[in-house]
Amino acid sequence: MREHGTRTLRVAVFSPLRSFFDYLPTPGASSTPLTPGCRIRVPLGRSERLGVVISDTWSDDTLATGERELKPVLEVLDASPVIDASLMALALWAVQYYHCPPGEVFEALLPAELRRGESPRQTREPAWQLTPSGAAALSGSERLGPRQRELLQRAQTGVITRLSLTELPSSAARALREAQRRGWLAPVEDAPLQLAPAVNDARFMALNAAQDEAFMSIRSRLGAFGVHLLHGVTGSGKTEIYLHLARDVITKGGQVLVLVPEIGLTEQIVQRFSERFGAAVGLVHSELSERARALVWQRCREGEIRILLGTRSAVWMPLPRLQLVVVDEEHDPSFKQQEGFRYSARDVAVMRARRLDIPVVLGSATPSLESLANCERGKYAYLPLAERAGGASLPGIRVLDIRGMTLTSGISDPLRRAILERAERGEQSLLFLNRRGYAPVVLCHTCGWIAGCPRCDARLVLHLEQDRLRCHHCGFERRRDASFPDHPCGRLEAYAGVGVGTEQLEGALGELFPGLRTLRIDRDAMRHKGDLERAFTRIRQREVDLLIGTQMIAKGHDFAHVTLVGIVDGDSGLLARDFRAEERFMQTILQVAGRAGRGAQPGEVLIQSHHPEHPVFTFLRHADYRGFATRALAERAEAEMPPHTALAMLRAEAPKREPPQEFLRQLAEGLRRELPPSVFIGGPVPALMERKVGRYRANLLLSCLDRGVLAAALETALTRIRELPLARRVRWHLDVDAQETG
Ligand code: ADP
Ligand code: ZN
């Protein structure tokens, strides 16, 4: 080690500032350099912040912080790194790729307690194991509640620690006490930390030929980087393949990361992993408490968790023996973080796998156009599963031309009759309407005034159950009979709802089908914890004939008795203005359609539309997602949009209309002179919803065929922004690989 020049520590300081900062070592500190990944406390301006050491080196170069005199580090918090070398490298890649503040990226890698400076927790804690009488109880000599059963099943495949219970509902602790009292579980002294996972082989079913082919193809490539796109229709047995792969990996000592969308983390998928891998399974999702999350983080790091199931942020969890990554429903928009550090968990997962030289499986019934394009370019392996596993057939899809038809609360006669037929046969129907509330528009019958949100360019939605008018974008709400200053005639009794939301549909169906038992599933009807699980139980036990639901029911749930899916508003998705609107529409309809005919009866999907000739429906009728994608990819190439090009959005907002526009205009003007012509600069234009929560928003779009050229252009843009005085009068952010351009 050279020991002349200046010893400098480069630090990712937890702050929204867009650069790394350099510091001197603490006076009197040992001359051994700190390992990257250790946390330290540093001065920043007049405050103190925590940060993560990026490097600690001797150099005689001019320092990045420029002329300013370097200050010393105040305190070193860790003797050994809390972030391992491979995650450090991944985070540094993300800082560059997403052009975002380093501190924000590194904060995403640590649980809240560690971000605040607390030490990692110890996980050696009391543990319990299954006794012979516990095993007997489990094998059927006792009646067990569901919690007891789950607990004992876990114990069957390993030791139960209090930590391993933290992601279960609070009643798990009670179940544990009870099991101990009855002698089913006994404490173990000094439980081994690294559990050898016991796999419940009896739960595995033999793969069918198509599954086996995909499975073998991926398995033969374990140990090397490769992206495998598993394009399998809903119910084709993708999850079963993940389970088989996971077994392979963990019995060889590896760890597996399984990412699922925000609302895809259902009890069903958790159950399927837990019953086979027991205590080796860990969970992370957005509803986990800070403490529980910190414990999962620790258990992943120590290797006790062998299979981590989680939503977006799980991609940053420490998994020192990671050997396989799975991204289920890889097309799902919830993998993209939409605020702060705007990363795509799917893309980070692929990069993580690439750096570790391990495979990643992207699974979907409706893959993103990005991933399909990568298959066409030969970068990803394409693995199709064309048929449902277990014998069920795919539902037939029909488009109902409802032009000129009489609709009763949005329901046409053919759809009504189809529902009745199902009910007579004792089968269930599901109506999909992605619009909450009673009516999406409220107007005054006397003067025609339409109730708008005072803070957003949006209409207020009528919610009759809560007797409220609400904005779905900012949370603004008033009583239904509230007066508004912009209402010309001021007659409150003349308010009328226009259009149909789920709440109204549910009421109308009650009248249309007096004998049928209905159930509504949306965010308003399912407000409390446990509501959704209770609803699913009722559906499975056939206590419901007719389901009405939003996006909430589109994913991951297996309803064996639903044989009819009705898409109430098959036009809304086609009228949206974003470039991904058709892709999203296609994905949503096929996802919802996938709920039908999962059992022995074949299913049918009826889509009500005023535009039955729209090309999207031709593909839908044949459930031809691949054909749709080929056409959509050609259109994207024509329009020079992603995945053909790389795209980033610069968005600005302020309480007044002009500053964001003017800021972006000045920036665009400079960039048009400075950047190569291969970089397309679109705008600035006002956002589709220009005013949101009282702030005006404008966008500038940058795109280029060459990702590297775009990256350089974005660096230039960031430099120019620093020089623009207006930048301080607006809030702005950069969104690389933005999902929406509006
Ligand atoms: P996907 O993840 O593609 O939606 P799943 O793995 O959930 O599909 O499988 C759909 C259904 O088919 C499940 O009920 C599952 O138990 C069943 N299944 C999957 N693979 C097989 C198989 N090889 N043999 C019999 N049934 C299977
Ligand atoms: Zn609003």
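If you're wondering where the values come from, they're calculated on a predicted model, not measured in any experiment.

### Some remarks on the overall build of the chain
1) Next: Check the secondary structure of the chain and you find 22 helices and 30 strands.
2) Next: The C-alpha atoms of the chain give a radius of gyration of 28 Å, which matches the 27 Å a tight globule of 742 residues would have.
3) Next: Principal-axis analysis of the C-alpha atoms places the extent of the chain at approximately 85 × 75 × 50 Å.
4) Next: In the chain, buried positions account for 54% of the 742 residues.
5) Next: Carbon together with sulfur atoms contributes 50% to the accessible area of the chain, which is approximately 32,200 Å² in total.

### Digging into the sheet that holds strand 25 (residues 562–567)
1) Next: Taking strand neighbours across the sheet as the criterion, the 6 strands line up as 16-26-25-17-24-23 in an open arrangement whose pairing is parallel. Each end of this open sheet is capped by a strand with a single partner; those strands are strand 16 (396–401) and strand 23 (518–521). On average, adjacent strands in this sheet sit at an angle of 20 degrees to one another, irrespective of strand direction.
2) Next: Two strands pair when backbone bridges link them, and strand 25 and strand 26 (residues 604–609) are joined in this way by 4 bridges, in the parallel orientation. Of the residues in strand 26, the one forming a bridge with Val565 is Val605.
3) Next: Running over the sheet, helix 16 (residues 531–540) touches strand 17 (428–432), strand 23 and strand 24 (546–549) and is turned about 145 degrees from strand 23.

### What about the site of ligand 1?
1) Next: In the neighbourhood of ligand 1, 18 residues make up the surrounding shell, with Ala206, Gln211, Lys238, Thr239 and Arg272 lying closest.
2) Next: A distance of 3.2 Å separates an oxygen atom of ligand 1 from a polar backbone atom of Ser236.
3) Next: In the model, an oxygen atom of ligand 1 is placed 2.7 Å from a nitrogen or oxygen of the Arg272 side chain.
4) Next: Calculation on ligand 1 without its partners gives an accessible area of 560 Å², and the protein chains cover 76% of this total.
5) Next: Counting residues per element, the shell around ligand 1 draws most heavily on helix 9 (residues 238–251), at 3 residues.
6) Next: Among the residues forming the shell around ligand 1, the class breakdown is 5 nonpolar, 8 polar and 5 charged.

### Side note on the pattern of salt bridges
1) Next: Scanning the model with the defined rule gives 58 salt bridges in all.
2) Next: Linking Asp569 and Arg435 is a salt bridge whose minimum nitrogen-to-oxygen distance equals 2.5 Å. Of this pair, Asp569 sits in the loop between strand 25 and helix 17 (572–575) while Arg435 is found in the loop between strand 17 and strand 18 (441–444), placing the two residues 134 residues apart along the sequence.
3) Next: Overall, Asp569 belongs to the partly exposed group, its relative accessible area being 22%.
4) Next: In this structure, Asp481 engages Arg479 in a salt bridge whose closest nitrogen and oxygen atoms are separated by 3.1 Å.
5) Next: The structure contains a network of salt bridges with shared partners spanning Arg398, Arg422, Arg425, Glu427 and Glu604.

### Notes on the pairing of strand 28 (residues 680–692)
1) Next: Where strand 28 lies against strand 29 (residues 695–704), 7 bridges are found, and the strand directions are antiparallel. By the bridge assignment, Val685 is partnered in strand 29 with Asn699.
2) Next: Hairpin connection of strand 28 to strand 29: 2 residues between the antiparallel strands, including Val693 at a positive phi of 45 degrees.

### Remarks on the packing of aromatic side chains
1) Next: A full pass over the atoms with the stated rule returns 15 aromatic pairs.
2) Next: Residues Tyr98 and Phe341 carry aromatic rings whose centres are separated by 6.1 Å and whose planes lie at 75 degrees to one another, so their mutual orientation is edge-to-face. Highlighted residues: Tyr98 in helix 1 (residues 85–98) and Phe341 in the loop between strand 13 (322–328) and helix 12 (345–356), separated in sequence by 243 residues.
3) Next: Taking relative accessible area as the criterion, Tyr98 reaches 2% and is therefore assigned buried.
4) Next: Judged by relative accessible area, which is 3%, Phe341 ranks as buried.
5) Next: Ring centres 5.5 Å apart and planes at 40 degrees place the aromatic pair Trp449 and Phe484 in the tilted group. With a gap of 35 residues between them, Trp449 in the loop between strand 18 and strand 19 (461–463) and Phe484 in the loop between strand 21 (477–479) and strand 22 (495–498) connect regions that are remote in the sequence. Side by side, Trp449 and Phe484 carry an identical accessibility label, which is buried.
6) Next: Joined through ring pairs, the aromatic side chains of Trp93, Tyr97, Tyr98, Trp316, Phe341 and Tyr343 make up one cluster.

### Quick look at the packing of helix 18 (residues 581–593) against helix 20 (residues 625–638)
1) Next: Orientation of helix 18 relative to helix 20, taken along the N-to-C sense of each, is 170 degrees, at an axis distance of 11 Å. Taken together, the axes of helix 18 and helix 20 lie roughly antiparallel to each other. Contacts between helix 18 and helix 20 pair Glu582, Glu583, Met586, Gln587 and Leu590 from the former with Tyr625, Phe628, Arg631, Glu635 and Arg636 from the latter.
2) Next: Looking at the contact of helix 18 with helix 20 residue by residue, the class counts come to 4 nonpolar, 1 polar and 5 charged.

### Here we look at the coordination of the zinc ion (ligand 2)
1) Next: For the zinc ion (ligand 2), every protein donor is listed as Cys453 (SG), Cys456 (SG), Cys471 (SG) and Cys474 (SG), and the spread of their distances is 2.2 to 2.4 Å.
2) Next: In this structure, the zinc ion (ligand 2) is surrounded by 4 donor atoms whose angles at the metal cover 104 to 113 degrees, and the resulting shape is tetrahedral.
3) Next: Here the donor residues for the zinc ion (ligand 2) map to a single chain with the spacing C-x2-C-x14-C-x2-C. In this pair, Cys453 sits in the loop between strand 18 and strand 19 while Cys474 sits in the loop between strand 20 (468–470) and strand 21, placing the two residues 21 residues apart along the sequence.
4) Next: Among the residues examined, Cys453 registers a relative accessible area of 4% and is labelled buried.
5) Next: Note on Cys474: relative accessible area 19%, which makes it buried.

### Details of the nonpolar core
1) Next: If you look at the biggest cluster of nonpolar residues, it comprises 126 residues, and the most contacted ones within it are Phe106, Leu308, Ile521 and Leu620.
2) Next: If you tally residues by element for this core, the top one is helix 1, at 8 residues.
3) Next: Ignoring sequence-local partners within four residues, the contact set of Ile521 consists of Met526, Leu532, Ala535, Phe536, Ile539, Leu547, Ile548, Gly549, Thr550, Met552 and Ile553.
4) Next: Judged by nonpolar contacts, the second largest core, of 31 residues, contains Leu207, Val249, Phe273 and Val326.

### Concerning the side chain of Glu690
1) Next: One can find Glu690 in strand 28.
2) Next: Exposure remark for Glu690: the relative accessible area of 11% places this residue in the buried category.
3) Next: Of the polar contacts made by the side chain of Glu690, one reaches the side chain of Arg657; its length is 3.2 Å.
4) Next: Once you skip the residues sitting within four places of it in the chain, Glu690 turns out to touch Asp457, Arg657, Gln661, Arg695, Tyr696 and Arg697.

### Describing the pairing of strand 24
1) Next: In strand 24, alternate side chains face the same way, and those of Leu546 and Ile548 on one face and Leu547 and Gly549 on the other are all buried.
2) Next: With 4 bridges joining them, strand 23 and strand 24 adopt parallel strand pairing. The partner of Ile521 across the bridge, within strand 24, is Gly549.
3) Next: Taken together, strand 23, helix 16 and strand 24 constitute a β-α-β crossover, and its handedness is right-handed.

### Observations concerning the packing of helix 1 against helix 12
1) Next: With their axes 10 Å apart at the nearest point, helix 1 and helix 12 run at an angle of 135 degrees to one another. One finds that helix 1 runs oblique with respect to helix 12. Of the two possible hands of crossing, helix 1 and helix 12 adopt the one that is right-handed. Of the residues in helix 12, those touching helix 1 at Ser86, Leu87, Ala89, Leu90, Trp93 and Tyr98 are Asp347, Val348, Met351, Arg352, Arg355 and Leu356.

### Looking at the domain arrangement of the chain
1) Next: Looking at the chain, the domain boundaries give domain 1 (6–115), domain 2 (127–188), domain 3 (201–390), domain 4 (392–437 + 500–636) and domain 5 (646–736).
2) Next: Across the domain 1 to domain 5 interface the summed buried area is about 590 Å²; carbon plus sulfur atoms make up 57%.
3) Next: There are 0 salt bridges connecting domain 1 and domain 5.
4) Next: For the pair domain 1 and domain 5, the interface holds 2 residue pairs in polar contact (both at pLDDT 80 or more).
5) Next: Its residues assigned to classes, the side of domain 1 that touches domain 5 comprises 2 nonpolar, 1 polar and 1 charged.

What counts, and at which threshold
Residues numbered from 1 in each chain as written. Chains lettered and ligands numbered in written order. Predicted model: local features only at pLDDT ≥ 70, side-chain atom pairs only at ≥ 80, totals over all residues. Heavy atoms only, no water. Helix = DSSP H or I, 4+ residues; strand = E, 2+ residues; numbered from the N terminus. Rg over C-alpha atoms; globule rule 2.2 N^0.38 Å. Buried < 20%, exposed > 50% of the residue type's maximum accessible area, 1.4 Å probe, protein only. Areas by Shrake-Rupley, 256 points an atom, 1.4 Å probe, with all protein chains shown as cover. Pairing = 2+ DSSP bridges. Axes fitted to C-alpha atoms, helices over the stretch in contact; angles between N-to-C directions. Contact = heavy atoms within 4.5 Å. Near = heavy atom within 4 Å. Polar contact = N/O pair within 3.5 Å; in protein donor to acceptor, adjacent residues only side chain to side chain. Nonpolar A, V, L, I, M, F, W, Y, C, P; charged D, E, K, R; others polar. Salt bridge = Lys/Arg side-chain N within 4 Å of Asp/Glu carboxyl O. Phe/Tyr/Trp six-rings, centres within 6.5 Å; stacked < 30°, edge-to-face > 60°. Parallel < 35°, antiparallel > 145°, perpendicular 65-115°, else oblique. Donors = N, O, S within 2.8 Å, 3.2 Å for Na, K, Ca; no water. Tetrahedral: all angles 85-135°; square planar, octahedral: opposite > 155°, others 65-115°. Core = buried A, V, L, I, M, F, W, Y, C linked by side-chain atoms within 4.5 Å. Right-handed = clockwise from strand over helix to strand, strands pointing away. Left-handed = near helix turned anticlockwise from the far one by under 90°. Domains from an automatic or database assignment. Buried area = accessible area lost by both parts, 1.4 Å probe.

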